[in-house]
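# Architecture and fold: a report
So you can see what is in the structure, the chains are spelled out below.
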Amino acid sequence: MSKNFVLKDISPVEFITAAATQAIIAEASVFPKPGLVDPIDSGSHKDMNFFTFIKSASSLTEYFKICAEKGLHTEKITPDFFTALRKAGIEAEKKMFLFTNGINTHKGAIFSIGLIAVSAGYCFGKNKPLTPENILKISALIVNNIENELKNSSGKTAGEKIYIKHGITGIRGEAAKGYPTVIKTAIPAFNRYVSEKCDLNRALAGTLIEIMAETNDTNVISRGGTEALSYVKKTARQFVELENILNDTWKEGLEQMNNDFKKKNLSPGGSADLLAVTIFIMILSGFEL
């Protein structure tokens, strides 16, 4: 079903809400994902599984709808706009924890997917085409001051502690810059794998590895420090350089990487969040899952 057909029959808010939910379920469904939860394995996570992610995703649909409506009905992005959005995110997080019995499954998605949903709604409201460039330009505008928060933070959250110690801005830096990893790495990788006739799962798995090779994943740093980050990026880069995703043994290669990451207790959750953003952007731009 094409985007144009969908929008004849449902509202922009309904389209964005459905696309956001599809994106986080699709990300969870990709396998194998080294160190991460997928339908076959829980990676380095002993407290959750694939069904935990399904429950969590179902709890966030109303939040994505709120985000899309905020964007659609906003006349102008003002400095205090993100403050209102953050309040909605805090409520969504509380609801997620109720559904998951306190397990953090989608905290990153609440931030990034919610932000993209607002941006898409804003584009609809201003009759701007839903291109990746337009959507991510708006998202960067919404959070343009977020890096200053890190600089002035007291180091309470894991992300703030990592910034103070290592100067790494993580997902907040990605958002403030308009998600450069998504634009420069993930979307081109996904399109390349699709052009190589990879099925959707294989294309998304390959895209995830390319994201892992490039991004400074603070989830990895939280578990193993900057040495672990260097290891994950090097391992992913070697896989990409050998074009392993295009080989018949690609699943075995990722399963081996998964076992390795599990032994080291590594989970590239930030990369998974960027994969979900990529999927969401592709759906909004017209790609059919």
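These lines cover the structure that appears in this document, whether it is placed above or below. (Residues numbered from 1 in each chain as written. Predicted model: local features only at pLDDT ≥ 70, side-chain atom pairs only at ≥ 80, totals over all residues. Heavy atoms only, no water.)

### Quick look at the overall build of the chain
Each helix and strand in the chain was counted, giving 14 helices and zero strands. Its helices and strands in sequence order give the chain the pattern α-α-α-α-α-α-α-α-α-α-α-α-α-α, from N to C terminus. Overall size of the chain, expressed as C-alpha extent along the three principal axes, is 50 × 45 × 35 Å. The 289 residues of the chain split such that 53% are buried. Nonlocal contacts in the chain, meaning residues at least 24 apart in sequence, comprise 71% of its contacts between residues at least 6 apart. Counting only carbon and sulfur atoms, one obtains 51% of the accessible surface of the chain, whose full area is about 13500 Å². (Helix = DSSP H or I, 4+ residues; strand = E, 2+ residues; numbered from the N terminus. Buried < 20%, exposed > 50% of the residue type's maximum accessible area, 1.4 Å probe, protein only. Contact = heavy atoms within 4.5 Å. Areas by Shrake-Rupley, 256 points an atom, 1.4 Å probe, with all protein chains shown as cover.)

### Observations concerning the nonpolar core
Ranked by size, the top nonpolar core spans 86 residues in total, and within it Ile16, Ile113, Ile116, Ile142, Tyr179, Phe280 and Leu284 carry the most contacts. Counting residues per element, this core draws most heavily on helix 5 (residues 107–125), at twelve residues. Apart from residues no more than four positions distant in its own chain, Tyr179 is found in contact with Phe111, Ser112, Leu115, Ile116, Leu136, Ser139, Ile171, Glu174, Leu274 and Val277. With six residues, the next largest nonpolar core counts Ala28, Val37, Met48 and Phe53 among its residues. (Core = buried A, V, L, I, M, F, W, Y, C linked by side-chain atoms within 4.5 Å.)

### Considering the environment of Ala84
With respect to the helices, strands and loops of the structure, Ala84 is situated in helix 4 (residues 81–100). What makes Ala84 partly exposed here is its relative accessible area of 35%. C-alpha separation for the pair Ala84 and Asn259, spaced 175 residues apart in sequence, amounts to 42 Å.

### Some remarks on the pattern of salt bridges
Enumeration over the complete set of coordinates arrives at seven salt bridges. For Lys94, the salt bridge identified is with Glu91, shortest N-O distance 3.4 Å. Placement of the pair is Lys94 and Glu91 together in helix 4, with a separation of three residues, close to one helical turn. Look at Glu91 and you get partly exposed, because its relative accessible area is 48%. (Salt bridge = Lys/Arg side-chain N within 4 Å of Asp/Glu carboxyl O.)

### What to know about the packing of aromatic side chains
How two aromatic rings sit relative to each other is given by the distance of their centres and the angle of their planes. Within this structure, the stated rule accounts for five aromatic pairs. Geometrically, the ring pair formed by Phe50 and Phe51 is edge-to-face, given 5.9 Å between the ring centres and 70° between the ring planes. Here Phe190 and Phe287 contribute two aromatic rings whose centre-to-centre distance is 5.1 Å and whose plane-to-plane angle is 80°, an arrangement assigned as edge-to-face. Taken as a pair, Phe190 in helix 10 (residues 180–195) and Phe287 in the segment after helix 14 (269–284) lie far apart in primary sequence, 97 residues in all. The partly exposed category is assigned to Phe287, whose relative accessible area is 26%. (Phe/Tyr/Trp six-rings, centres within 6.5 Å; stacked < 30°, edge-to-face > 60°.)

### Observations concerning the packing of helix 3 (residues 50–72) against helix 4
One way to put it is that helix 3 packs onto helix 4 with a least axis distance of 9 Å and a crossing angle of 160°. On the basis of their axis angle, the class for helix 3 and helix 4 is roughly antiparallel. The interaxial crossing formed by helix 3 with helix 4 has right-handed handedness. Residue-level inspection shows Thr52, Lys55, Ser56, Ser58, Ser59, Leu60, Glu62, Tyr63, Ile66, Cys67 and Lys70 of helix 3 in contact with helix 4, the latter providing Phe81, Ala84, Leu85, Ala88, Gly89, Ala92, Lys95, Met96, Phe99 and Thr100. When the residues that make up the contact of helix 3 with helix 4 are grouped by side-chain class, the tally is eleven nonpolar, six polar and four charged. (Axes fitted to C-alpha atoms, helices over the stretch in contact; angles between N-to-C directions. Parallel < 35°, antiparallel > 145°, perpendicular 65-115°, else oblique. Left-handed = near helix turned anticlockwise from the far one by under 90°. Nonpolar A, V, L, I, M, F, W, Y, C, P; charged D, E, K, R; others polar.)

### Focus on helix 13 (residues 250–264)
Spacing of three or four residues puts side chains on the same side of an α-helix, whose turn is 3.6 residues. Between the first and last C-alpha of helix 13 there are 21 Å, a value that for 15 residues agrees with the 21 Å anticipated at 1.5 Å per step. Residues of helix 13 that are buried in the fold lie against helix 11 (200–214) and helix 12 (218–241). Looking one or two residues past helix 13, Asn265 carries a phi angle of roughly 60°, positive in sign. (Expected span 1.5 Å × (residues − 1).)

### Considering the packing of helix 5 against helix 6 (residues 132–142)
Contact pair helix 5 / helix 6: the axes reach a minimum separation of 8 Å and the direction vectors enclose 115°. Crossing handedness for the pair helix 5 and helix 6: right-handed. On helix 6, the residues that touch Leu115, Ile116, Val118, Ser119, Ala120, Tyr122 and Cys123 of helix 5 are Asn134, Ile135, Leu136, Ile138, Ser139 and Ile142. Partitioning the contact of helix 5 with helix 6 into residue classes produces ten nonpolar, three polar and no charged.

### A closer look at the state of the cysteines
A disulfide bridge is the covalent bond that connects two cysteines by way of their sulfur atoms. Counting across every chain of the model gives zero disulfides. Distance from the sulfur of Cys67, which forms no disulfide, to the nearest cysteine sulfur (Cys123) is 14 Å. (Disulfide = S-S within 2.5 Å.)

### Re the environment of Phe50
With respect to the helices and strands, the residue Phe50 is situated in helix 3. Residues Phe50 and Val37 lie 13 residues apart in sequence; the distance between their C-alpha atoms is 6.1 Å. Apart from residues no more than four positions distant in its own chain, Phe50 is found in contact with Ala28, Ser29, Val37, Asp38 and Pro39.

That is the geometry; function is a separate question.
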